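# A closer look at the structure
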Amino acid sequence: MSDNVFCNFIAGQWIDSATNIANINPANTNDIIGHYAQADAEQTQQAINAAIEGQLQWQQSGLEQRYSVLMSIGDELIERKQELGTLLSREEGKTLAEGMGEVYRSGQFFHYYAAEVLRQMGETAASVRPGIAIETYREPVGVVAIITPWNFPTATAAWKIAPALAFGNAVVFKPASQVPASAWALTEIISRQGLPEGTFNLVMGSGSEVGETLIHSRQIDAVTFTGSLETGRKVAAATAINLVKCQLEMGSKNALVILDDADLDTAVECAISGAFFGTGQKCTASSRLIVTEGIHDKFVAAAIERMKKLVVGDPMAEGVHIGAVADARQMEQNLSYLASASEDGAHLAYGGEVIETENPGYFLSPALFTHTTNQMKINRDETFAPIACVIKVKDYDEALATLNDTNYGLTGGIITQSLKYATDFKRNAKTGCVMVNLPTAGTDYHVPFGGRKESSFGSREQGSYAKEFYTIVKTCYISA
Ligand code: NAD
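Residues numbered from 1 in each chain as written. Predicted model: local features only at pLDDT ≥ 70, side-chain atom pairs only at ≥ 80, totals over all residues. Heavy atoms only, no water.

Turning next to the sheet that holds strand 18 (residues 411-415). Strand pairing within a sheet occurs via backbone hydrogen bonds; the two strands may be parallel or antiparallel. Ordered by their spatial adjacency, 7 strands build an open sheet running 15-16-17-14-13-18-19, and the pairing between neighbours is mixed. Edge strands, defined here as strands with exactly one partner in the open sheet, are strand 15 (347-350) and strand 19 (433-436). Strand after strand, the sheet turns through a mean of 25 degrees between neighbouring axes, direction not considered. Taken together, the 3 bridges between strand 15 and strand 16 (residues 367-370) define a ladder with antiparallel strand orientation. The residue bridging leucine 348 from the neighbouring strand is phenylalanine 369, located in strand 16. Contacting strand 16 and strand 17 (387-393), helix 11 (residues 328-343) crosses the sheet at an angle of about 20 degrees to strand 16. (Pairing = 2+ DSSP bridges. Helix = DSSP H or I, 4+ residues; strand = E, 2+ residues; numbered from the N terminus. Axes fitted to C-alpha atoms, helices over the stretch in contact; angles between N-to-C directions. Contact = heavy atoms within 4.5 Å.)

Now the structure itself:
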């Protein structure tokens, strides 16, 4: 930090930039968390140059060193979950419990990939030519650009940075501009691990300058991106021109199907948690609730009763279930989706009110619409808001067809006691993740995560599948 500005980390040094931005708490806009340096194209290029140098050294580091570094980062995240969870909640607006849970989970990603460091095995094969042996093994892909969104500032970074380092790559990390504090705090931890200079670089700055420089660079070997579909398309187009490896996790329009035979309490709990927790700002949020007609009225009545008990307000306060909307732009967008649903004939059954609190902030009560159709704008767009829409359907077949009738395909859920329907759903939901009697949001850290259609592009993230992206296979032929 210099002159109260949190700096970028390039080539092992904390470097200030010509400009900086204020990081504002969305739950109290009078609270400025800090000022964060904004790199330009030139500084981004310096980070790329440093990463090229750093990677050459890091790939030669012993497995024991990589294991220790990742364990140590994971340990520190977990130890400091209260402090760093508070910082995360303060800049993003999610509740303290959610912020702390995210930091803890981020530590688990580092621990998981520490163990993966020790599981880097190759294969041998007999040659079709006598006297020749064949070995295949994985090498680091090289310099990886990591571009992340604002809604999971620490976890998204962790599930990319941990495998990148585990497999011997160097990193240029560009976080979202709304949440630089969590990125800076994570970088500060990484900066104390004794990595070769340039192995890890933080370049905070705009998508149009830092992001564009990274995705158009021919010196970057791979780009991993999580964010909106619109930006994802730009990343795909830019990297395709240079034939740079890319991996994209983007938006979704997830649905939870509730069948007549569902346990009502399970249905309500899964719907409420999937749709509204995290202020609905999750790529796995279930903004569509597809309910068969036999249980529809009972479900809507019970969901409204449950929603009345949800407390919206100061993310740091005890007993609060839903924190702040991330920023003014997101709030404006939420209000325009509420208006569009009503204009299209949806019935606002509960909520959707702007809430005034002691401090100026962006608070919205969770909203439930009924009488909606899958063709309405509110059921087509990813809203990223605490807004859920009930779509009434005749039976399971119509429910499945409705769930699949979207351009996205990240997660899909079903609440049923029928093995027959659950089994059919697992096979035929066109989503990357399927949840049975569970919310659409909430995944483990040791298994692959990703979607289908316009939700994902490239190889899967997380679990042992991550090595597909962060390594490249080499085949060696040896004649004795
Ligand atoms: P965004 O696309 O606006 O920004 C994502 C990142 O891309 C930011 O760091 C941003 O600065 C950068 N960026 C913007 N323009 C760029 C450009 N031209 N070139 C390179 N980088 C650029 O997304 P957001 O609003 O920060 O995040 C919300 C989105 O993220 C939602 O659509 C959500 O569903 C998605 N998301 C997906 C997952 C998943 O795993 N599928 C997880 C979390 C969030």
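From this point, things continue past the structure.
Looking now at a negative patch on the surface. Residues Asp260, Asp261, Glu293 and Glu398 make up a contiguous surface patch of negative charge. Judged by its relative accessible area of 44%, aspartate 260 falls in the partly exposed class. (Patch = residues over 30% accessible without salt bridge, like charges linked within 9 Å, V, L, I, M, F, W, Y side chains within 5 Å. Areas by Shrake-Rupley, 256 points an atom, 1.4 Å probe, with all protein chains shown as cover. Salt bridge = Lys/Arg side-chain N within 4 Å of Asp/Glu carboxyl O. Lys, Arg positive; Asp, Glu negative; His and termini not counted. Charge placed at Lys NZ, Arg CZ, Asp CG, Glu CD. Buried < 20%, exposed > 50% of the residue type's maximum accessible area, 1.4 Å probe, protein only.)

Around the ligand, the structure places 26 residues, and the nearest of them are Thr148, Glu212, Ser228, Thr231 and Glu382. At a separation of 2.6 Å, a nitrogen atom of the ligand approaches a polar side-chain atom of glutamate 212. A distance of 2.5 Å separates an oxygen atom of the ligand from a polar atom in the side chain of glutamate 382. Calculation on the ligand without its partners gives an accessible area of 850 Å², and the protein chains cover 90% of this total. Broken down by secondary-structure element, the contributors of at least two residues to the shell around the ligand are helix 7 (207-216), strand 11 (222-226) and helix 8 (229-242). (Near = heavy atom within 4 Å. Polar contact = N/O pair within 3.5 Å; in protein donor to acceptor, adjacent residues only side chain to side chain.)

Another aspect to go through is the environment of lysine 474. Relative to the elements of secondary structure, lysine 474 occurs in strand 21 (residues 471-479). Those residues in contact with lysine 474 that sit more than four places away from it in its chain are Glu135, Thr136, Tyr137 and Glu139. One polar contact links lysine 474 to glutamate 139, side chain to side chain, over a distance of 3.0 Å.

One broad rule of soluble globular proteins: the nonpolar side chains tend to lie buried together. With 48 residues, the main nonpolar core has Phe110, Ile161 and Phe173 as its most contacted residues. For this core, the element with the highest residue contribution is helix 5 (residues 155-166), accounting for 9 residues. Apart from the residues lying within four places of it in its own chain, the contact partners of phenylalanine 110 are Leu70, Ile73, Gly74, Leu77, Ala158, Ile161, Ala162 and Leu186. Membership of the second largest hydrophobic core comes to 28 residues, among which are Leu256, Ala262, Met307 and Phe363. (Core = buried A, V, L, I, M, F, W, Y, C linked by side-chain atoms within 4.5 Å.)

The next thing to look at is the pattern of salt bridges. Summed over the entire model, instances satisfying the criterion amount to 16 salt bridges. Among the salt bridges present, the one from glutamate 461 reaches lysine 160, with a minimum N-O distance of 2.9 Å. Of this pair, glutamate 461 sits in the loop between strand 20 (456-457) and helix 15 (467-470) while lysine 160 sits in helix 5, and the two are 301 residues apart along the sequence. The network of salt bridges with shared partners includes Glu76, Arg80, Glu83, Glu188 and Arg192.

The next subject is the domain arrangement of the protein. What the domain assignment lists for the protein is domain 1 (5-251 + 451-479) and domain 2 (254-436). Using only C-alpha atoms to locate each centre, domain 1 and domain 2 end up separated by 31 Å. The interface is formed by 28 residues belonging to domain 1 together with 33 residues belonging to domain 2. Across the domain 1/domain 2 interface, buried area totals approximately 2,400 Å², and carbon plus sulfur atoms make up 57% of it. When the buried area of domain 1 at its contact with domain 2 is split by residue, Trp150, Arg452 and Lys453 rank highest and sum to 23% of it. Taken together, domain 1 and domain 2 are joined by 0 salt bridges. Of all the secondary structure elements, the ones that give two or more residues to the side of domain 1 that touches domain 2 are helix 3 (81-92) and helix 4 (96-117). Here the element with the most residues in the side of domain 1 that touches domain 2 is helix 3; it accounts for 4 residues. (Domains from an automatic or database assignment. Buried area = accessible area lost by both parts, 1.4 Å probe.)

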